Amino acid sequence: MATKGSRQVPYTWSEYTTKVSSNTWQGGWVESRGENNYRTHALDVYTGSCAKSYPVPYNIFCEMIQNGIWLGGWYRTEQYLLKYRAFDGTEYESTLCEESNPCSLSLYGEMISNEIWEGGWVQEYNGTLRYVQSLQIVISSGSGSGNGYGSGISGGSVPEAGSGSGELEALGCSISAGNHVVAPVHDENGKQIGTLHANWTSGNTIGQHELSVVTISISPQLNSNTFNTNNLYTVWINAYELRIHGTYIFTQNGESTLGHVYNEFIIPEEFRQYD
C-alpha cells in the first residue's frame, strides 16, 4: 500500500486545505476535480507526473524523498542532469530505455504502474530486446454516439498469424490471472480524463489453445463522466504481448467524443509463468 500523500494515494482538497490552515502541511500529492498535482511545503505546484517528458525539479524531488512518497520516476539533479530513480532507490542515467541501455521488466512494471511509460526498449529474461511503444492515449476530436460505461469486450481468443510456433507455442508462455493499469487517457489539451485498465484470466499468451481472455475498461477521472468501451478489442500478438485496438466513447456534460486505441502492452513479470 502506497503512503498517504503519494501520487497513488493523494490527499483530498479538503485534507490539503485543513493541513495548510493548521500549518501542518509538509507537501504531497493532492487530487481535486480529477486532477492530481504535487503541492510543496511552500505551496508551489508541480503539474507533471514524474515522467521523462516533464521530470521533477530537484528541490521537489528532495521533498518527496524526505516525505517518503517517491514511487519511482524521472527528476533533474542539482546539475540539471536527467535521472531515473526507482522506488527501491536505484538510480539510472538518462539513456535508460534506449536500445543501448534497455529497461528491465521490473522497471517497466514500475513505470506503467505509475503511468509514466513513454516508449522504449525492454529486455526480457532471456536477453531478447523488444520495443514497447508509448502507453499515453490521447482522445481524438470528433463526435460519437451513445453514452454510459461499458466494461469492455474480451478479445485475444485467436492470435495473429505467425505470432508463435515451435517450442514457444508448446510452452504456451502462460500467465496467472491479474489486472493492471495500462495507460492514462488524456484529452487534446493534455488533461487526464481517465485510466485504461486490463483484466485477464489465467492461460496462455501464444498458440491456439487455452489462451488468456482479456477485458478492457476505462475509469473516468470524474464520476460525472463516462466511457463506453464496448468496441475495444484485444489480441495476443507475441509471447506475453497484447494489442489493444478499437474505439471508445467519452461522454462529458452530455457531449460524446470518439477516441481510438491502437497500443501494445506486455504483461509485467509478476504475472508470468515460465515453467
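Each residue is numbered by its place in its chain's sequence as written, counting from 1. Residue-level local features of this predicted model are given only where pLDDT is at least 70; pairs of side-chain atoms are given and counted only at 80 or more, and the full residue set underlies all totals for whole chains, interfaces and linings. Only hydrogens and water are removed before side-chain values are computed, so all heavy atoms of the structure are retained for them.

### Focus: the overall build of the protein chain
Step number 1: Within the protein chain one finds four helices and 19 strands.
Step number 2: Only protein chains enter the accessibility calculation, which uses a 1.4 Å probe; a residue is then buried when its area is under 20% of its type maximum, exposed when over 50%, and partly exposed in between. Taken across its 275 residues, the protein chain has 48% of its residues classed as buried.
Step number 3: Whether two residues touch is decided by their heavy atoms; if any such pair falls within 4.5 Å, the residues are in contact. Across the protein chain, every contact between residues at least 6 apart in sequence was considered, and the portion connecting residues at least 24 apart equals 50%.
Step number 4: Accessibility throughout is a Shrake-Rupley quantity obtained with a 1.4 Å probe, and a residue counts as covered only by protein chains that appear here. Accessible surface for the protein chain amounts to roughly 13,300 Å². Of this, 47% is attributable to carbon and sulfur atoms. Numbered from the N terminus, helices here are DSSP runs of H or I no shorter than four residues, and strands are runs of E no shorter than two.

### Here's the deal with helix α2 (residues 58–66)
Step number 1: Within α2 the residues assigned to the buried category are Ile60, Phe61, Glu63 and Met64. Viewed end-on, α2 has its buried residues packed into an arc of 160°, placing them on one side of the element. With respect to the buried face of α2, the exposed residues turned more than 90 degrees away are Asn59 and Gln66.
Step number 2: In this structure, the buried side of α2 is in contact with β2 (28–32), β3 (35–39), β4 (45–46), β5 (73–76), β6 (82–85) and β7 (91–92).
Step number 3: Directly beyond the C-terminal end of α2, a positive phi value near 70° is found at Gly68. Think of it as the arc spanned by the lines of direction from the helix axis to the C-beta atoms.

### Examining the sheet that holds strand β9 (residues 120–123)
Step number 1: Between any two strands, at least two bridges found by DSSP are needed for them to pair. Reading across the sheet, the three strands line up as β8-β9-β10 and stay open at both edges, with mixed pairing between neighbours. Two strands close off the open sheet at either side, each with one partner strand: β8 (103–104) and β10 (129–132).
Step number 2: The pairing of β8 with β9 spans two bridges and is parallel. Following the sheet pairing, Cys103 is matched in β9 by Val122.

### Overview of the nonpolar core
Step number 1: Among the nonpolar cores identified, the biggest contains 48 residues, and Tyr108, Met111, Trp117, Leu196, Tyr248 and Phe265 are the most heavily contacted of them.
Step number 2: Within the residue set of this core, elements represented by two or more residues are β6, α3 (105–113), β13 (178–186), β14 (192–200), β16 (214–220), β17 (226–238), β18 (241–252) and β19 (255–266).
Step number 3: In terms of residue count, the dominant contributor to this core is α3 (five residues).
Step number 4: If sequence neighbours within four positions are ignored, Met111 has contacts with Trp74, Tyr84, Leu96, Cys97, Cys103, Ile116 and Trp117. By nonpolar core is meant a set of buried Ala, Val, Leu, Ile, Met, Phe, Trp, Tyr and Cys residues that side-chain atoms within 4.5 Å join together.

### So, the packing of aromatic side chains
Step number 1: The criterion for an aromatic pair is that two Phe, Tyr or Trp rings (for Trp, the six-membered ring) have centres within 6.5 Å, with stacked assigned to planes under 30 degrees apart, edge-to-face to planes over 60 apart and tilted to the rest. Per the counting criterion, the structure on display carries 17 aromatic pairs.
Step number 2: Taken together, a centroid distance of 4.9 Å and an interplanar angle of 80° make the contact between Tyr16 and Trp25 edge-to-face. The burial state of Tyr16 is the same as that of Trp25; both residues are buried.
Step number 3: An aromatic cluster of at least three residues, connected via ring pairs, comprises Tyr11, Trp13, Tyr16 and Trp25.
Step number 4: Directly above the aromatic system of Trp29 lies the positively charged group of Arg7, at a separation of 5.9 Å from the ring centroid.
Step number 5: Cation over ring: Arg76 sits above Tyr80, and NZ or CZ is 4.5 Å from the ring centre. Any Lys NZ or Arg CZ that is within 6 Å of a ring centre and within 35 degrees of that ring's normal is treated as a charge sitting over the ring.

### Focus on the confidence of the model for the protein chain
Step number 1: Every residue carries a pLDDT, the predictor's confidence in it, which falls somewhere between 0 and 100. Overall, the prediction assigns the protein chain a mean pLDDT of 85, with 88% of residues at 70 or greater.
Step number 2: A low-confidence stretch, residues 142–170 (pLDDT under 50), is modelled with 77 contacts involving residues beyond four sequence positions or located in other chains.

### Some thoughts on α3
Step number 1: Of all nine residues that make up α3, seven are buried, and the element is covered over most of its length.
Step number 2: Among the residues of α3, Leu105, Leu107, Tyr108, Gly109, Glu110, Met111 and Ile112 are the ones counted as buried.
Step number 3: Looking at the residues trailing α3, positive phi occurs at Glu115, about 60°.

### Details of unusual backbone geometry
Step number 1: With phi around 75°, Cys50 is a residue other than glycine that occupies positive phi space.
Step number 2: In this structure, Cys50 sits in the loop between β4 and α2.
Step number 3: In this model, Tyr80 sits at a positive phi of 70°, which is unusual for a non-glycine residue.
Step number 4: Tracing the chain through its elements places Tyr80 in the loop between β5 and β6.
Step number 5: Given a relative accessible area of 58%, Tyr80 falls into the exposed group.

### Some remarks on the sheet that holds β5
Step number 1: Sheet architecture is open: three strands sit in the order β5-β6-β7, paired in antiparallel fashion. If you trace the sheet from one side to the other, it starts and ends with β5 and β7, each paired once.
Step number 2: The pairing of β5 with β6 spans four bridges and is antiparallel. Bridged to Arg76 within β6 is Leu82.
Step number 3: Lines are fitted to the C-alpha atoms to define the axes, a helix being fitted only along its stretch in contact, and any angle between axes, read from their N-to-C directions, falls within 0 to 180 degrees. Here α2 sits on the sheet in contact with β5, β6 and β7, set at roughly 130° to β5.
Step number 4: Strand contacts of α3: β5, β6 and β7, with the helix running at about 95° to β6, the strand carrying the most contacts.

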